[in-house]
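# A look at the structure
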There are 4 protein chains.
Amino acid sequence: MNIINNPGRQLGRPRSTDSRDSILKATNQLLEEVGFSQLTIEGIAARAGVAKTTIYRWWNNKGSIAIEAFLKSTEPRISFPQSDSAIADIKEQVKTLAAVYQTQTGKIITELIAMGQENADTLHLFIEGYVKPRRSAAKAVLQRAIDLGEIRADVDLDVLVDAIYGPIFHRLLLGHERLDPAFAEANANLVLAGAMK
Amino acid sequence: MNIINNPGRQLGRPRSTDSRDSILKATNQLLEEVGFSQLTIEGIAARAGVAKTTIYRWWNNKGSIAIEAFLKSTEPRISFPQSDSAIADIKEQVKTLAAVYQTQTGKIITELIAMGQENADTLHLFIEGYVKPRRSAAKAVLQRAIDLGEIRADVDLDVLVDAIYGPIFHRLLLGHERLDPAFAEANANLVLAGAMK
Amino acid sequence: MNIINNPGRQLGRPRSTDSRDSILKATNQLLEEVGFSQLTIEGIAARAGVAKTTIYRWWNNKGSIAIEAFLKSTEPRISFPQSDSAIADIKEQVKTLAAVYQTQTGKIITELIAMGQENADTLHLFIEGYVKPRRSAAKAVLQRAIDLGEIRADVDLDVLVDAIYGPIFHRLLLGHERLDPAFAEANANLVLAGAMK
Amino acid sequence: MNIINNPGRQLGRPRSTDSRDSILKATNQLLEEVGFSQLTIEGIAARAGVAKTTIYRWWNNKGSIAIEAFLKSTEPRISFPQSDSAIADIKEQVKTLAAVYQTQTGKIITELIAMGQENADTLHLFIEGYVKPRRSAAKAVLQRAIDLGEIRADVDLDVLVDAIYGPIFHRLLLGHERLDPAFAEANANLVLAGAMK
DNA sequence: AGTTAATCGAGACGGTACGTCTTGTCTTGAC
DNA sequence: GTCAAGACAAGACGTACCGTCTCGATTAACT
């Protein structure tokens, strides 16, 4: 049995990695099958062949498990294309992103965000584990656009990033209008036009 | 026994407006006091002095009640300022909106949207009752900006509206960065710059 | 529409016999189909095409309706055979009775008696409408047995009747031992032996 | 906290004797106070300070709880007097029984039997836990009467027992005639006369 | 090798709220 | 005044999960 390496602890039975892995695996399966709102701690425990106690020992709520499971199954960082034009790279990436968000992945993300509205810890984990790494990557590309002289140097990147990605999340969550690559590109065009010299 | 077939005739005891009003009133009170996630049908029934069956007869889930209660307590339309410049009006309005979303109203909206992720009906009611009227109003103002020659005539208004408001909802829901009037204005400046001639 | 003739009442819409009949008919159907314990006022109303109000106007509880319906569908009196020997007639009759109680009729009777334990009115109606007429008939036959010199004249008929029929009801209600014609006869033989000279 | 000793079970938290006892105690109290028909699972749970789920985990319906509670509060066996004459003992016992059945105990028994008409499990529990032990005891005494030569040896004891006790239950349940020690004795006299040589 | 202590599975527990069911009452307009 | 229709307050039902709490059995590091 594999054991998590924890040099600070000295006494007692070590925590089982098997339990932890089967919990996250079961959570991912259930997220795919029934969605987040139908996810229950008892269901995870049953599927993972684990006691509820074991889950509660390590996670506070189902949101934390779900996010950890989701992050484990997701690329830790977005991969941007690397062409001669940074803004071309950005536009390419938002189109890919919109396509991904049209799948079950998009659905799970909306539910994680929804859960986050009830639970600050859950939201925090999602921000730190998913949103911020992607924002950093996007800001790096935008910085390159500045360096390349494609956009103005005085643009506030935090505003610009949200201007590019905010509308995508907006449509993802509300569904009031179609979220597809074409929209993502049109929005990026509009916003980046405003950021050009 | 012969029954005169008269489909237009209203049979049975008429629905009580008192019940309906007290349900919506109680719901609004509880939304303020405990928030949406702590809202329960039983709690509403108890507060309203109404039987649970009466609630279930007219609403499917707590989201529907909450939205109806929320809409009842909210202005049906945003009021835009009316100055010589349509884009000045827009900028003024998004600053006001951001300020409003920093209050409890913002919190309730995030929870309604969160609820909508689990329940399509709820989301639909929110879109139709809240989002679309405001989008229409905003699009009318943007159309005026076109008519006034302040922005290009070939801009897709659906994209433009989401570019202006999407980032506000984005920060409202994720809280990864501060949502305040200054951000709303900066975003509007950026986007509208891209829409100008 | 048939109307119950009631010369004392002068005002208002006359009571409908159709409603009454269809209520009792529906009750009998439902007693056969689902049994007494699954019988509901709402079910009767729906089946009879009648408003609940109409039922409540004329009956206090489902026991009263069920008993009235049951009595309407049952012979008002037992028919005893008429041979040269009164005790032979009795023995013949209890065998018939035991056979009848092995059918659905027996089941309904147990449920009516059960209902009677919760509701004194219901029990009273059952006693007066079902039990007492049958006891009277049985006592008349037993009196004939006395007159014929088949049993002692000093026997208390109320005790004797219950000694003959009580054990039948006992087994009908408890089911701890088989209730069949053979038992009914064996019991009658035993008891009547004790009543002979 | 007291725990039910069950050496066969090895897994999970042991069942709490405290819960079980307080449930049965509360049930007995409520049976005395409001009667069986007014007894509710929720009422028992509230009185016992126990969760409804705990009750449903161990009992199927209120009849099962009521019977278990009733049996716990009742002598497991009738005590017969032990004189030189077995039939004198029987007569003495039926008089005592009739007296007991004139109290609240009689009322509860009728309601348990009534419940048994709707629910086979409940009736089964009552038969096995209450009726059969008493029938066995009575049959043992009657066997002694045979051994003493007080009644015929060829009498079917199952018939004889029901002939002695059936009429008591009959009057208890129907109340069409008075159930008192005098009747119980008169019936026993009649039946036993038929069983004598 | 034995002791110590945290882990594990299992599952019972007190709770909360669910959504449904049935009761008996009430409020209409039609007859 | 009675009827059908059906809304209403009331409240119990049986279920689903929650998060906590015993248990006995493991599992290694530390004696």
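Keep in mind the model is a prediction, meaning the values are calculated, not measured.

### Focus: the overall build of chain A
- On a plain count of helices and strands, chain A comes out with nine helices and zero strands.
- Helices and strands in chain A line up, N terminus first, as α-α-α-α-α-α-α-α-α.
- If one aligns the C-alpha atoms of chain A with their principal axes, the spans along those axes are about 65 × 40 × 25 Å.
- When each of the 197 residues of chain A is scored for burial, the buried share is 51%.
- Looking at chain A alone, contacts between residues at least 24 apart form 64% of all its contacts between residues at least 6 apart.
- Counting every atom, chain A has about 9,200 Å² of accessible surface; 49% of that belongs to carbon and sulfur.
- With 23 positive and 23 negative side-chain charges, chain A shows a spacing of 6 Å between the two charge centroids.

### Quick word on the side chain of B:D89
Residue and element names in this part refer to chain B.
- Of note, D89 is situated in helix α5 (residues 86-101).
- Within the structure, the side chain of D89 is placed 2.5 Å from the side chain of R144, a separation counted as a polar contact.
- Contacts of D89, omitting those with residues within four sequence positions, involve F80, P81, Q82, S83, V141 and R144.

### So, the protein's contact with DNA strand E
- A:T54, B:Y56, C:E42, D:T54 and D:W58 are the nearest of the 44 residues found near DNA strand E.
- Backbone atoms, meaning sugar plus phosphate, form 59% of the atoms of DNA strand E positioned within 4 Å of the protein.
- Here B:I41 contributes a backbone N or O atom positioned 2.9 Å from a phosphate oxygen of DNA strand E.
- Between DNA strand E and D:S16, the relevant distance is 2.9 Å, taken from a phosphate oxygen to a main-chain nitrogen or oxygen of the residue.
- Residue assignment for the surface near DNA strand E shows that the elements contributing at least two residues are α3 (52-58) of chain A, α2 (41-48) and α3 (52-58) of chain B, α2 (41-48) and α3 (52-58) of chain C together with α3 (52-58) of chain D.
- When the residues that make up the surface near DNA strand E are grouped by side-chain class, the tally is 15 nonpolar, 16 polar and 13 charged.

### Description of the interface of chain B and chain A
- In this complex, chain B contributes 35 residues to the contact, which on the side of chain A involves 35 residues.
- Carbon and sulfur atoms supply 68% of the area buried between chain B and chain A, which totals about 3,100 Å² over both sides.
- Where chain B touches chain A, the interface holds four salt bridges.
- Residues A:R135 and B:E177 are paired through a salt bridge, measuring 3.8 Å at the closest nitrogen-oxygen approach.
- The interface formed by chain B and chain A holds 14 residue pairs in polar contact (both at pLDDT 80 or more) in total.

### Some thoughts on the arrangement of the chains
- No part of chain A reaches chain C; the closest C-alpha pair between them is 34 Å apart.
- Separated without contact, chain A and chain D have their nearest C-alpha atoms at a distance of 10 Å.

### A short note on the relation of the copies chain B and chain A
- The transformation that overlays chain B on chain A combines an axial shift of 0.0 Å with a rotation of 179 degrees, and the residual RMSD is 0.2 Å. Read as a symmetry element, the transformation amounts to a two-fold axis.
- A share of 100% of interface residues in chain B that are also interface residues in chain A marks the association as one of identical surfaces.

### Let's talk about the packing of helix α6 (residues 104-118) of chain C against helix α6 (residues 104-118) of chain D
- At a closest axis distance of 8 Å, the pairing of α6(C) and α6(D) adopts a crossing angle of 140 degrees. The angle between α6(C) and α6(D) falls in the class oblique. The crossing of α6(C) and α6(D) is left-handed. Across the interface between the two elements, C:K107, C:T110, C:E111, C:A114 and C:Q117 of α6(C) pack against D:K107, D:T110, D:E111, D:A114 and D:Q117 of α6(D).
- Classifying every residue of the contact of α6(C) with α6(D) by side-chain character gives two nonpolar, four polar and four charged.

### Concerning helix α9 (residues 181-195) of chain A
- Between the first and last C-alpha of α9(A) there are 21 Å, a value that for 15 residues agrees with the 21 Å anticipated at 1.5 Å per step.
- Restricting attention to buried positions, one finds in α9(A) the residues A:F183, A:A184, A:N187, A:A188, A:L190, A:V191, A:L192, A:G194 and A:A195.
- Check the buried side of α9(A) and you find it contacts α5 (86-101), α7 (120-147) and α8 (157-174) of chain A together with α8 (157-174) and α9 (181-195) of chain B.

### Brief notes about the side chain of B:Q117
- Along the polypeptide, B:Q117 turns up in helix α6 (residues 104-118).
- On the basis of relative accessible area, B:Q117 is assigned to the buried category, the value being 6%.
- Apart from the residues within four sequence positions on either side, B:Q117 is in contact with A:K107, A:T110, A:E111, A:A114, A:L173 and B:L123.

### Let's talk about the confidence of the model for chain A
- Mean pLDDT for chain A: 91, with 93% of residues reaching 70 or above.
- Confidence over residues 3-9 of chain A falls short of pLDDT 50; this stretch has ten contacts with residues more than four positions distant or in other chains.

Basis of the calculations
Per-chain numbering applies: the sequence of each chain, read as written, is numbered from 1 onward. Following the order in which they are written, the chains are lettered starting with A and the ligands numbered starting with 1. The predicted nature of this model means local features are confined to residues of pLDDT at least 70 and side-chain atom pairs, given and counted, to a pLDDT of 80 or more, with totals for whole chains, interfaces and linings taken over all residues. Values reported for side chains reflect all heavy atoms of the structure, with hydrogen atoms and water molecules removed beforehand. For the purposes of this entry, the term helix denotes a DSSP run of H or I that reaches at least four residues, the term strand denotes a run of E that reaches at least two, and both are numbered from the N terminus. Each residue is assigned to one of three classes by its accessible area relative to the maximum for its type, calculated with a 1.4 Å probe on protein chains only: buried under 20%, partly exposed between the two thresholds, exposed over 50%. Note on contacts: a residue pair is in contact if any heavy atoms of the two residues lie within 4.5 Å. Reported accessibility uses the Shrake-Rupley method at a 1.4 Å probe radius. Residues are deemed covered only where the shown protein chains occlude them. Only four residue types enter the charge count, namely Lys and Arg as positive and Asp and Glu as negative; His and the chain termini do not. Positions of charges follow a simple convention, taking NZ of Lys, CZ of Arg, CG of Asp or CD of Glu. Side-chain atoms alone can form a polar contact between residues adjacent in sequence; in general such a contact is a pair of N or O atoms within 3.5 Å, and within protein one must be able to donate a hydrogen while the other accepts it. We call a residue near a given molecule or strand whenever any one of its heavy atoms falls within 4 Å of it. Each residue is assigned to one of three groups, with Ala, Val, Leu, Ile, Met, Phe, Trp, Tyr, Cys and Pro labelled nonpolar, Asp, Glu, Lys and Arg labelled charged, and all others, Gly among them, labelled polar. Accessible-area loss on putting two parts together, using a 1.4 Å probe and summing over both, is the definition of buried area adopted here. Throughout this description, the term salt bridge denotes a Lys or Arg side-chain nitrogen within 4 Å of a carboxyl oxygen of Asp or Glu. Here the copies are superposed with least squares, the fitted atoms being C-alpha atoms of residues at a pLDDT of at least 70 in both. A fitted line through C-alpha atoms represents every axis, and for helices the fit uses only the stretch in contact; the resulting angles, taken between N-to-C directions, go from 0 to 180 degrees. Geometric relationships in this document are graded by angle, where less than 35 degrees denotes roughly parallel, more than 145 denotes roughly antiparallel, 65 to 115 denotes roughly perpendicular, and other angles denote oblique. Helix crossings get a hand from a simple test, with the near helix turned counterclockwise from the far one by less than a right angle marking a left-handed crossing and a clockwise turn marking a right-handed one. An expected span of 1.5 Å times one less than the residue number is assigned to each helix. pLDDT is a per-residue confidence score from the predictor, ranging from 0 to 100.

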